[in-house]
Amino acid sequence: MKYIINVEQKIEKNKQEKEPYCNVISKKDAIITKIITSNGMELKDINDSVKKGEIIISGDIKYNEDTKSQVCAAGTVYGKTWYTLNISLPKIHEVTERLNKKRNNLLIKYNNKKYKIFKPRIGSYEEENKKIINFFGIELYIQKEYEVEIKSKEYSSKELEEILQKLVDEKMNKILEGNHQILEQKVLKKSDKDSTIDIEIFIVAEEQISTTSYDQPNQDIKKE
């Protein structure tokens, strides 16, 4: 009598990993303007006020006040936020003006060094260079030296407005997160000093306010 015995290793199927539990919360105080939900249950509506850390999209899926399942909430929320900026603008800036006097020169560049054929004979000047030869790493330029005068000039109202707006945009781009826009800005206070103008500005913006919080579930699921 002959027996044939085959021994095989028992392979257990991997248990399905449980989906992590998380909520979508607010990163700052705001008034909600838009909610885009891909998973979870919305606890807030458009135009609702929300505090920093408050849950907007919950990972608890409820029916008749009972939690039926728990998921990782996902979505993007936008809100209206408020900021106050303090900006100081200079009233005077330096302007370089060309005068009538000018002089031609030759400039040689070699090994990252510059050599002028003639010594400058103009006090304050600015240069314009035009390349005429490039031969085995040696570059030859015709150089024009223009005499200049540096003057102090006061900004016009239009120039100050342009500088102010540029500074506001730069500061807000560093503060605001995700896709954003400035909805409104208003000057609250303006102080005119000897050399500067100090301005306090109130900003209303719309920005992404949501982030994901991976908290532990705080209640048991009730099964029927």
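Refer to the structure presented above.
Residues numbered from 1 in each chain as written. Predicted model: local features only at pLDDT ≥ 70, side-chain atom pairs only at ≥ 80, totals over all residues. Heavy atoms only, no water.

### Topic: the pairing of strand β12 (residues 138-154)
Within a regular strand, side chains alternate between the sheet's two faces. Heads up, the condition is: We treat two strands as partners when DSSP finds at least two bridges between them. Where helices and strands are cited, they refer to DSSP runs of H or I of at least four residues and of E of at least two residues respectively, numbered from the N terminus.
As paired elements, strand β9 (residues 92-110) and β12 share 15 bridges and run antiparallel to each other. If you follow Thr-96 over to β12, its bridge partner there is Ile-150. Strand direction decides the pairing type here: strand β11 (residues 125-135) and β12, joined by 10 bridges, are antiparallel. Within the sheet, the bridge partner assigned to Glu-127 lies in β12 and is Glu-145.

### Some thoughts on the state of the cysteines
What is meant by a disulfide is a covalent connection between two cysteines, made through their sulfur atoms. Applicable threshold: Pairs of cysteine sulfur atoms within 2.5 Å are identified as disulfides in what follows. Think of it in three bands: with a 1.4 Å probe and only protein chains considered, a residue is buried below 20% of the maximum accessible area for its type, exposed above 50%, and partly exposed in between.
Applying the stated criterion across every chain, the model contains 1 disulfide. What pairs with Cys-22 in a disulfide is Cys-72, and their sulfur atoms sit 1.9 Å apart. One quick way to see it: the torsion about the S-S bond of Cys-22 and Cys-72 is about 100°, and its sign makes the bridge right-handed. Of the two residues, Cys-22 sits in the segment before β1 (23-26) while Cys-72 sits in the loop between β7 (66-70) and β8 (74-90), which places them 50 residues apart along the sequence. Comparing Cys-22 with Cys-72, the two get one shared label, buried.

### Considering the packing of aromatic side chains
Each aromatic ring pair is summarised here by two numbers: the centre-to-centre distance and the angle between the ring planes. This is how it is decided: To pair, rings of Phe, Tyr and Trp, with the six-membered ring standing in for Trp, must have centres within 6.5 Å; the planes then decide the type, stacked if under 30 degrees apart, edge-to-face if over 60, and tilted in the middle. Counting as a charge over the ring demands two things of the Lys NZ or Arg CZ atom: a distance within 6 Å of the ring centre and an angle within 35 degrees of the ring normal.
As enumerated under the stated definition, the model contains 1 aromatic pair in all. Between the aromatic rings of Phe-135 and Phe-136, the centroid separation amounts to 4.4 Å while the plane-to-plane angle is 85°, which identifies the pairing as edge-to-face. The two residues Phe-135 and Phe-136 agree in class, both being exposed. Residue placement shows Lys-34 over the ring face of Tyr-78; its charged tip is 5.4 Å from the ring centre. Above the face of the Tyr-146 ring, Arg-98 is positioned so that its terminal group lies 3.9 Å from the ring centre.

### Side note on the sheet that holds strand β15 (residues 210-213)
The 4 strands lie next to each other as β3-β5-β1-β15, forming an open sheet whose pairing is antiparallel. For this open sheet the edge positions go to β3 (41-42) and β15, each flanked by a neighbour on one side alone. Pairing between β3 and strand β5 (residues 55-58): 2 bridges, direction antiparallel. Following the sheet pairing, Glu-42 is matched in β5 by Ile-57.

That is the geometry; function is a separate question.
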